Each structure stands twice: as structure tokens, then as C-alpha cells.
Amino acid sequence: MRAFTHSELAKYDGREGRPGYIGVNGNVYDVSKVPEWEGAEVHGSVVGHDLSDVTYQEAAQKYSPVSKLPLIGKLVD
């Protein structure tokens with residue numbers, strides 16, 4: 001599994017053809033092919049960010065839980 005820093009994760013925002021990844025509880029998930037996450041916003045864009053706090057709970061309720069997302073890496077910082 002690939003290791004991501006928070007600044008690396010931020011590059012994967014799903015814009016301009018880039019994949020969309022999110023971090024949750026130290027893991028990184030690919031949301032690129034999950035239609036519900038396209039343009040996902042809860043208090044601003046959520047793709048490309050660590051969503052381990054309350055913001056993720058809101059996003060998961062609105063879009064989809066991480067249990068349904070492909071795990072692709074770990075957050076290392």
C-alpha cells in the first residue's frame with residue numbers, strides 16, 4: 001500500500017482529470033469511481049482531504065461509508 005502525506009493527499013482532489021482520494025482514520029480511499037462522491041461538499045470540498053473528524057461523518061451519511069470504498073493507502077503524517 002502506498003503512503004501519503006496530507007500534502008500529497010491534497011493533490012488528489014478529483015479535479016481536471018486527477019483521481020479523487022479521501023483520508024479517514026489513517027487510511028486513504030479512492031472515491032474516483034463512486035458517483036456519489038463526485039463534487040462532494042460538506043462545508044467545502046471534501047475530496048483530497050483527511051476526513052477523520054466530524055466532517056467525515058456528515059459526508060458518509062450523504063455520500064457513502066468507507067466500507068464501500070477501495071482502500072489504496074495509509075496517511076503517514
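The structure reproduced in this document is the subject of the present report. (Residues numbered from 1 in each chain as written. Predicted model: local features only at pLDDT ≥ 70, side-chain atom pairs only at ≥ 80, totals over all residues. Heavy atoms only, no water.)

**What about the overall build of the chain?**
Point 1. Looking only at helices and strands, one finds 2 helices and 4 strands in the chain.
Point 2. When its helices and strands are written in sequence order, the chain yields β-α-β-β-α-β.
Point 3. Out of the 77 residues in the chain, the part that is buried amounts to 42%.
Point 4. Relative to all contacts within the chain whose residues are 6 or more apart in sequence, the contacts with residues 24 or more apart total 63%.
Point 5. Approximately 4,600 Å² of the chain is accessible, and the part contributed by carbon and sulfur atoms is 49%. (Helix = DSSP H or I, 4+ residues; strand = E, 2+ residues; numbered from the N terminus. Buried < 20%, exposed > 50% of the residue type's maximum accessible area, 1.4 Å probe, protein only. Contact = heavy atoms within 4.5 Å. Areas by Shrake-Rupley, 256 points an atom, 1.4 Å probe, with all protein chains shown as cover.)

**Re the environment of Lys11**
Point 1. In this fold, Lys11 is placed in the loop between helix H1 (6–10) and strand E2 (21–24).
Point 2. As a C-alpha pair, Lys11 and Val47 span 36 residues in sequence and 9.5 Å in three-dimensional space.

Remember that the coordinates give geometry; whether it matters functionally is a separate question.
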